[in-house]
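Summary of structural features
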Amino acid sequence: MLYTGPVIDGHLHVETWFDANGKDFYTGFDEIAARRGVKALNIAALPIGEWGTENNIIAALYKLHNPSVYIHGGLTYPEYPVRELPCGADPVTQYKEMMELGFDGVKILETKPEYHIQIDNPVDREFYEPYFAAMEADGTHILWHVCDPDSFWDRDRIPPEHIANGWYYGEGGYASFEEIMGQVFNVLRRHPKLNITFAHFFFHSDWPEKLEDVFEKYPNVNVDITPGTEMYENFRDRHEAYREFFIKNADRISFGTDTFFPEETDTLYNNVIRFLSTGEDVIIHRTPSRGLDLPEEVCRKILCENFQRKVSPAPKAMNVDAAKRYIEKYRGWIKNRAVFDLVEKELKKL
């Protein structure tokens, strides 16, 4: 039966300040939440690569506007590759600033291959060690993107549209799937109590037995089911085994769409809920799959309760003074002049 209980979309992003029709992200996220009737949204900022520092600032501004939202922020860098950061902007300082401001957790994108090669400073290096130690000590939730599907390193297996997106990593100096995974497991071995949700099923849908080993060894590790094509193919092809997996590991899986404002997301949102709660045939990112028809209590955990347990029952309150200090400190790292001017305008309102 189609699940109609509370839902938290634990994995959304913001790409631009305005959509093509001039709608701003404040209105956009308000409309998404109202249209779906969700209990909460979680905006995971992406302050590296093409998005930049302003992505943390936009997430903070939206939470100031709508305190019912959760936000996760990431480290930001003024230049690449990353060798050192300006005085007072080291990883631990940035982390403490985000927590004081009112971020509910941390987003890590440094291990997605296209950013891993830009940053050129692996996460298992000493540069990041105090950062992970601080998050482990605090129990702070981490939403962590590691690698991409292993097929993205194989020209014979990667879908053509992903080559067009620049996601082929079999040449050009990218670290291998195994190298990046190895760096992450080095961090886990040093900090086994880290409170992590690995996005996209940790790109382990080909190896559910390996993922169960990770769950057994690291009790604070979860995964989310933000859609990737290969995931829902594997869920379909091993339907009964994966139904048992989801029921057995109901406390270790969370829901999210991994969609961006201003993209249209409702079809994907609805289809993933149908995939979890009914036995219907569904399309996820153009991939035919078959619903798992999970019990309602399992759906409730995946669609709402696990996120609250991992992050917090309710969003943290925002500290307006800390938000102003953060924006004033980092707005100079914004490279887009139009966005800089918009941030300046919002800062004057605080």
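Just so it is clear, the structure is predicted and the values come from calculations on it, not from any experiment.

**Section: the layout of surface pockets**
Roughly 1,000 Å³ of volume is contained in the largest pocket. As for the largest pocket, its lining consists of 42 residues, of which His162, Trp167, Pro227, Asp258 and His285 are closest to the centre. Counting only elements with at least two residues in the lining of the largest pocket, the list comes to strand S1 (8-14), strand S4 (105-111), helix H4 (113-119), helix H6 (160-164), helix H9 (229-237) and strand S9 (259-261). Among the elements that make up the lining of the largest pocket, the one with the highest residue count is H9 (six residues). The class makeup of the residues in the lining of the largest pocket is twelve nonpolar, 13 polar and 17 charged.

**Focus: empty space enclosed by the protein**
This structure, assessed with the given rule, holds four cavities of 30 Å³ or more. What the largest cavity holds in volume is close to 60 Å³. Lining the largest cavity we find Gly10, Asn42, His141, Leu143, Thr197, Asp224, Ser254, Phe255, Asn306, Phe307 and Lys310. Contributing elements (two or more residues each) for the lining of the largest cavity: strand S5 (141-146) and helix H12 (296-310). With three residues, the single largest contributor to the lining of the largest cavity is H12. Taken together, the residues that form the lining of the largest cavity break down as three nonpolar, six polar and two charged. Each pocket or cavity is described by its volume, and for the second largest cavity that value is around 50 Å³. Forming the walls of the second largest cavity are Pro149, Asp150, Phe203, His204, Ser205, Asp206, Trp207, Glu230 and Asn234.

**Some words on the packing of aromatic side chains**
Describing an aromatic ring pair means giving the distance of the ring centres and the angle of the ring planes. On inspection of all chains with the given rule, the structure shows 38 aromatic pairs. Between tryptophan 153 and phenylalanine 177, the aromatic rings sit 5.6 Å apart at their centres with planes inclined by 85°, giving edge-to-face as the arrangement. Here the residue tryptophan 153 occupies a position in the loop between S5 and H6, and phenylalanine 177 occupies one in helix H7 (residues 177-190), the gap between them amounting to 24 residues. Of the two residues, tryptophan 153 and phenylalanine 177, both sit in the buried class. Measuring from ring centre to ring centre gives 5.6 Å for tyrosine 242 and phenylalanine 245, while their planes differ by 65°; the resulting arrangement is edge-to-face.

**Side note on the packing of helix H3 (residues 91-101) against helix H5 (residues 129-138)**
Put simply, H3 and H5 touch, their axes get as near as 8 Å, and they point 35° apart. Crossing hand, H3 versus H5: right-handed. Contact with H3, carried on its side by Pro91, Val92 and Tyr95, involves Pro130, Tyr131, Ala134, Met135 and Asp138 of H5 and no other residues of that element. In the contact of H3 with H5, the residues fall into seven nonpolar, no polar and one charged.

**Section: the state of the cysteines**
Counted by the stated rule, this structure contains zero disulfides. Looking at cysteine 299, it has no disulfide partner, and the nearest cysteine sulfur is the one in cysteine 304, 12 Å off.

**Regarding unusual backbone geometry**
A cis amide bond, omega -5°, links tyrosine 80 with the succeeding residue proline 81. A cis amide bond, omega 15°, links phenylalanine 261 with the succeeding residue proline 262. Tracing the backbone through its elements, the reader meets proline 262 in the loop between S9 and helix H11 (266-277). The phi torsion at aspartate 120 lies on the positive side, around 55°, for a residue other than glycine. Mapping aspartate 120 onto the fold places it in the loop between H4 and H5.

What counts as what
Residues numbered from 1 in each chain as written. Predicted model: local features only at pLDDT ≥ 70, side-chain atom pairs only at ≥ 80, totals over all residues. Heavy atoms only, no water. 1 Å grid on protein atoms, 1.4 Å probe; cavity = no way out; pocket = protein on both sides within 12 Å on 5 of 7 lines; lining within 4 Å. Points joined across faces, edges and corners; volume = space filled by probe spheres on them. Helix = DSSP H or I, 4+ residues; strand = E, 2+ residues; numbered from the N terminus. Nonpolar A, V, L, I, M, F, W, Y, C, P; charged D, E, K, R; others polar. Phe/Tyr/Trp six-rings, centres within 6.5 Å; stacked < 30°, edge-to-face > 60°. Buried < 20%, exposed > 50% of the residue type's maximum accessible area, 1.4 Å probe, protein only. Axes fitted to C-alpha atoms, helices over the stretch in contact; angles between N-to-C directions. Left-handed = near helix turned anticlockwise from the far one by under 90°. Contact = heavy atoms within 4.5 Å. Disulfide = S-S within 2.5 Å.

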